[in-house]
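Residue-level listing of the chains:
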Amino acid sequence: MPRLAANLSMMFQELPFLDRFKAAADAGFRGVEFLFPYDFPAETIRSKLDESGLEQALFNLPPGDWDKSERGLAAMPGREEDFSDALAKALDYAEALDCPRLHVMSGIVPEGTSREACTETLIGNLRRAAPLAAERGKTLIIEPINTRDIPGYFLNYQKQALSILDAVGAPNVRLQFDLYHCQIMEGDLAIHMREQLGVIEHIQIAGVPGRHEPDVGEINYPYLFALMDELGYQGWVGCEYKPRGETVAGLGWSKEWMR
């Protein structure tokens, strides 16, 4: 049975953000994730988690200037100091929220910058960040993202991510395996899951195309959930999808899988 975590940035948008925690718990979720917590004091979010009996599964490092289309800093040459500041802020929040893992967003390749330079920057930043995260008991994860949703994003393919993890060589730097993104870019979801299980820290799901509920579209999620059990995957499965309508009305797919 997958351990389903509601993504509060995409789900329950009919409610204010801080009200989504209780709504997720009432719907049967025991874990949550979201993009960013930084608009609220960590203590406020901690209280919502405690009140709702929820675990914080994941959130992202600050991405830079989101309003100016920045989508991460880790692979951006010349932004190493900004990345260090983002890491420090995220680690403080992660400690306050008792969140064991943080998604390190690579970012969009700057115009005129080679992908080789971005690769070297990402590896260097992760090598420096890994021991700092380890001191706080945290795992850093990187995620290939499709080029349709975020054109120009640096990290797109599973082999690309695996080569970076191998170069970093830190046990607390691992893979965020998003089945939605992987299906769009590569397919072969079951093969990737089998081959990458040893480095997968977190899985995310959504229907393809449309990024709606996982019972709609071309991905056979019941098969993949059974495969997770077969392989012994024990981590969270983040429901990072955009409901087609009211969130709870679209949760029929989850009843068989909700713990």
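For clarity, every value in this text was computed on a predicted model and none was experimentally measured.

Draft legend 1. Quick look at the packing of helix α3 (residues 80–97) against helix α4 (residues 115–135). For the pair α3 and α4, interaxial distance at closest approach is 11 Å and the crossing angle is 30°. It follows that α3 is roughly parallel to α4 by the angle criterion. α3 and α4 meet at a crossing whose hand is right-handed. Seen from α3, the contacting residues are Glu-80, Phe-83, Leu-87 and Leu-91; seen from α4, they are Thr-121, Asn-125, Arg-128, Ala-129, Leu-132 and Ala-133. Per-class residue counts for the contact of α3 with α4 are six nonpolar, two polar and two charged.

Draft legend 2. Representation of the packing of helix α7 (residues 189–196) against helix α8 (residues 221–231) in the model. The geometry of α7 relative to α8 is characterised by a closest axis approach of 11 Å and an angle of 15° between their N-to-C directions. The orientation of α7 with respect to α8, classified from their angle, is roughly parallel. In this structure, α7 crosses over α8, and the sense of that crossing is right-handed. The residues of α8 that touch α7, namely those facing Leu-189, Ala-190, Met-193 and Arg-194, are Tyr-223, Leu-224, Leu-227, Met-228, Glu-230 and Leu-231. The residue inventory of the contact of α7 with α8, partitioned by class, reads eight nonpolar, no polar and two charged.

Draft legend 3. Spotlight on the side chain of Glu-240. Relative to the assigned elements, Glu-240 resides in the segment after β8 (236–239). Beyond its immediate stretch of four places on either side in the chain, Glu-240 contacts Asn-7, Met-10, Glu-33, Leu-35, Glu-143, Asp-178, Gln-204, Ile-205, Ala-206 and Arg-211.

Draft legend 4. Geometry of the nonpolar core. Counting 84 residues, the largest nonpolar core has Phe-29, Phe-59 and Leu-179 as the members making the most contacts within it. Broken down by element, this core gets its largest block of residues, eight residues, from α3. Not counting residues within four places of it along the chain, the set of residues in contact with Phe-59 comprises Phe-34, Leu-35, Pro-37, Tyr-38, Ala-90, Tyr-93, Ala-94, Leu-97, Cys-99, Arg-101, Leu-102 and His-103. Ala-5, Ala-57, Leu-58 and Ile-141 belong to the second largest nonpolar core, which has five residues in total.

Draft legend 5. Inspection of the pairing of β8 at higher detail. Neither face of β8 is open: one carries Trp-236 and Gly-238, the other Val-237 and Cys-239, and all of them are buried. In this structure, strand β1 (residues 3–7) lies alongside β8, joined through four bridges in parallel fashion. Considered in β8, the bridge of Arg-3 is made with Trp-236. Looking at chain direction, strand β7 (residues 200–205) and β8 are connected through three bridges and run parallel. Counterpart to Gln-204 in the pairing with β8 is Gly-238.

Draft legend 6. Quick look at the state of the cysteines. Under the counting rule described, the total for this entry stands at zero disulfides. Between Cys-99, a cysteine without a disulfide, and Cys-239, which holds the nearest cysteine sulfur, the sulfur-to-sulfur distance is 16 Å. As a non-bridged cysteine, Cys-182 has Cys-239 as the owner of its nearest cysteine sulfur, 18 Å distant.

Draft legend 7. A look at the pattern of salt bridges. Summed over all chains, the structure comprises 15 salt bridges. The closest approach of N and O atoms between Glu-240 and Arg-211, which form a salt bridge, is 2.9 Å. Here Arg-211 lies in the loop between β7 and α8 and Glu-240 lies in the segment after β8, a separation of 29 residues in the sequence. Given a relative accessible area of 8%, Glu-240 falls into the buried group. Residue classification places Arg-211 among the buried residues on the basis of a relative accessible area of 10%.

Draft legend 8. Main features of the sheet that holds strand β4 (residues 101–103). Pairing within the closed barrel is parallel, and its eight strands lie in the order β1-β2-β3-β4-β5-β6-β7-β8. In this sheet, adjacent strand axes meet at a mean angle of 30° when their direction is disregarded. Summarising the sheet, strand β2 (residues 31–33) and strand β3 (residues 55–60) pair through three bridges and their orientation is parallel. By the bridge assignment, Gly-31 is partnered in β3 with Glu-55. Across the face of the sheet, α7 comes into contact with β6 (173–178) and β7 while running at roughly 165° to β6.

Rules used throughout
- Residues numbered from 1 in each chain as written.
- Predicted model: local features only at pLDDT ≥ 70, side-chain atom pairs only at ≥ 80, totals over all residues.
- Heavy atoms only, no water.
- Axes fitted to C-alpha atoms, helices over the stretch in contact; angles between N-to-C directions.
- Helix = DSSP H or I, 4+ residues; strand = E, 2+ residues; numbered from the N terminus.
- Parallel < 35°, antiparallel > 145°, perpendicular 65-115°, else oblique.
- Left-handed = near helix turned anticlockwise from the far one by under 90°.
- Contact = heavy atoms within 4.5 Å.
- Nonpolar A, V, L, I, M, F, W, Y, C, P; charged D, E, K, R; others polar.
- Core = buried A, V, L, I, M, F, W, Y, C linked by side-chain atoms within 4.5 Å.
- Buried < 20%, exposed > 50% of the residue type's maximum accessible area, 1.4 Å probe, protein only.
- Pairing = 2+ DSSP bridges.
- Disulfide = S-S within 2.5 Å.
- Salt bridge = Lys/Arg side-chain N within 4 Å of Asp/Glu carboxyl O.

Geometry only, nothing functional implied.
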